[in-house]
Amino acid sequence: SLPAVDEDAVMVEAPVRPVGGGRNRAQTTLTEAQVEALKRRKLAVRPDIKPPPRGLRLIDPAIESSAAAGAGSLPGDDMPDDFYEVTADDLRALALASSAETRSDAPPLKTKAMRELEALQAMREYDHTLIRVRLLGGLMLQAAFHPQEAVSSVLAEVRACLCPAVQALPCYLFVTPPRTTLDPSISLAAAQLTPAATLVLGWERPLPAALAAAAPHTLLAPHALELLEAARHGAAAAEEVAPAYPAARGARLPAAKPDAAPGIAAVPSSAPAGASVGASRGGGADGEKKLPKWLKR
């Protein structure tokens, strides 16, 4: 006969092991640890970071476009040659992309952490980023920020340039297209606003009729209005020198003469008039190509 079962006995279950013998979810892989370390170094907001000189400017796009048309060039055309230089990180990213497309066999499977690690490793680092914000009436505010400053720092700079009646209104920043509202708590690098970006100031509620009908310059703070008037009269638009277009950290900048404008490579004094900087390899001083010795007879 079967033994009697004690109904008051406590039954203890053996621990169930995860299917497939997976690792504990509390543990992290080496790749995930590398991803977190790179995020902290490149993307995290750093309140202790020293911000670059703001180089604050207030720009009237109508005046700037007419001045650029008269000069025969557009803003940003004088970017340093290093901006267009292909770096080792660019080549590595291109090689990874092309190898995945041209391989006859199936590409290796990659986890989300592996893809994030590759993207973070290929990400360029900049000392500053140029941010433009479109204000009321089309006016533009331009200033320099560290990539690891928070988006809220840009919003604070914008608010400081507005009159008190407008400062009290709830606002936010967004980019377009597509229209994406920026999280004020993340860094500019995490929001992909490097090395330069144009943002738009938005309002959570429609502006009062009196403010919406007012002239744009009347909604500026006194110091911002002075900067706008200085720009309109062709004077220096900022107390500090406007920052140059950001160059990737560690990049080689073109050599320039002491009297040359920042960011513009100087033509060597020994080169004849009309000679270009970085002539073709093997070219002579007069721009003609030299024949190799084995081709001469």
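What counts, and where the lines are drawn
- Residues numbered from 1 in each chain as written.
- Predicted model: local features only at pLDDT ≥ 70, side-chain atom pairs only at ≥ 80, totals over all residues.
- Heavy atoms only, no water.
- Pairing = 2+ DSSP bridges.
- Helix = DSSP H or I, 4+ residues; strand = E, 2+ residues; numbered from the N terminus.
- Contact = heavy atoms within 4.5 Å.
- Axes fitted to C-alpha atoms, helices over the stretch in contact; angles between N-to-C directions.
- Salt bridge = Lys/Arg side-chain N within 4 Å of Asp/Glu carboxyl O.
- Buried < 20%, exposed > 50% of the residue type's maximum accessible area, 1.4 Å probe, protein only.
- Arc of directions from axis to C-beta.

Asker: What's the story with the sheet that holds strand 6 (residues 196–203) in this structure? I'm lost.
Answerer: One open sheet accounts for six strands, arranged 1-3-2-6-4-5; its pairing is mixed. Each edge of the open sheet is held by one strand with a lone partner, namely strand 1 (57–59) and strand 5 (180–181). One ladder, built from four bridges, connects strand 4 (residues 171–175) with strand 6; its direction is antiparallel. Directly across from Y172, in strand 6, lies its bridge partner G202. Lying on the sheet, helix 5 (residues 151–160) is in contact with strand 2 (129–134), strand 3 (140–145), strand 4 and strand 6; it crosses strand 4 at an angle near 120°.

Asker: How should the environment of A231 be read in this particular structure?
Answerer: Inspection of the secondary structure puts A231 in helix 8 (residues 222–232). In this structure, the C-alpha to C-alpha distance between A231 and I59, residues 172 residues apart in sequence, is 6.8 Å.

Asker: How should I be thinking about the pattern of salt bridges in this particular structure?
Answerer: For side chains of opposite charge, pairing can occur when their charged atoms come near one another. Per the counting criterion, the structure on display carries nine salt bridges. With a shortest N-O distance of 3.5 Å, E157 and R54 are connected by a salt bridge. Within this pair, whereas E157 is found in helix 5, its partner R54 is found in the loop between helix 1 (30–42) and strand 1, the two being separated by 103 residues in sequence. Among the ionic pairs, E229 bridges to R232, the shortest N-O distance being 3.5 Å. Linking E229 with R232, this pair stays in helix 8, spanning three residues, or about one helical turn. The partly exposed category is assigned to E229, whose relative accessible area is 29%.

Asker: Before we go on, may I ask you to explain helix 8 in this structure?
Answerer: An α-helix turns once every 3.6 residues. As a result, residues three or four positions apart point the same way. Where helix 8 is concerned, the buried positions are A224, L227, L228 and A230. Viewed along the axis of helix 8, the buried residues span an arc of 160°, placing them on a single side of the element. Residues P222 and E226 are exposed on helix 8 and point more than 90 degrees away from its buried face. Those residues of helix 8 that are buried are in contact with strand 1. G234 occupies a position one or two residues after helix 8 and carries a positive phi of about 80°.

Note that every value here comes from positions in space, so none of it alone points to a role or purpose.
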